[in-house]
Amino acid sequence: VRFILNFKEDITFDYYGKKAAVILNNKIVIYNIDSEGLSKKESEITTILNQSISGLLSCSWANPQFGKVLAVSTIQGKVFILKENNGTWETVYN
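Not measured: the values here are computed from a predicted model.

What counts as what
- Residues numbered from 1 in each chain as written.
- Predicted model: local features only at pLDDT ≥ 70, side-chain atom pairs only at ≥ 80, totals over all residues.
- Heavy atoms only, no water.
- Salt bridge = Lys/Arg side-chain N within 4 Å of Asp/Glu carboxyl O.
- Helix = DSSP H or I, 4+ residues; strand = E, 2+ residues; numbered from the N terminus.
- Buried < 20%, exposed > 50% of the residue type's maximum accessible area, 1.4 Å probe, protein only.
- Lys, Arg positive; Asp, Glu negative; His and termini not counted.
- Polar contact = N/O pair within 3.5 Å; in protein donor to acceptor, adjacent residues only side chain to side chain.
- Contact = heavy atoms within 4.5 Å.

A.B. asks: Honestly, the pattern of salt bridges in this entry has me stumped. Any pointers?
C.D. replies: Proximity of charged atoms lets side chains of opposite charge pair with each other. Scanning the model with the defined rule gives 1 salt bridge in all. Glu 84 is the salt-bridge partner of Lys 68, the closest N and O atoms lying 3.4 Å from each other. Of this pair, Lys 68 sits in the loop between strand S5 (56-61) and strand S6 (69-74) while Glu 84 sits in strand S7 (residues 79-85), and the two are 16 residues apart along the sequence. For Lys 68, a relative accessible area of 40% puts it in the partly exposed group. Residue Glu 84 is classed as buried on the basis of its relative accessible area of 17%.

Now the structure itself:
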């Protein structure tokens, strides 16, 4: 799959497998996933988070009971918690 060959640092799927968070070139890109999977036409970039966080290393979705929450770690050992509210992502912990 072309999509997977292009990712650099990390990829993680949410609990339901409906969204994928990808760390790509020090940006977090969130993709919607439909029944066809990660094809170029069916997947769309819904949000690009440019949070001025450098050295992104990994990311992980929280349990859905907490909402759309994403934890991100950096190579410096810092952890950031990002949350989506009404389509806008914000940092709730750093």
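Next comes the rest of the write-up.
A.B. asks: I keep staring at the side chain of Asp 14 and nothing clicks. Help me out?
C.D. replies: Looking at where Asp 14 falls in the secondary structure, it is placed in the loop between strand S1 (10-13) and strand S2 (19-24). No salt bridge forms around the buried Asp 14; measuring N to O, its nearest opposite-charge neighbour Lys 19 is 6.6 Å away. Polar contacts involving the side chain of Asp 14 include one to the main-chain amide nitrogen of Gly 17, which spans 2.8 Å. Looking at Asp 14, its side chain comes within polar contact range of the main-chain nitrogen of Lys 18, at 2.8 Å. Excluding residues within four positions of it along the chain, Asp 14 makes contact with Lys 19 and Trp 61.

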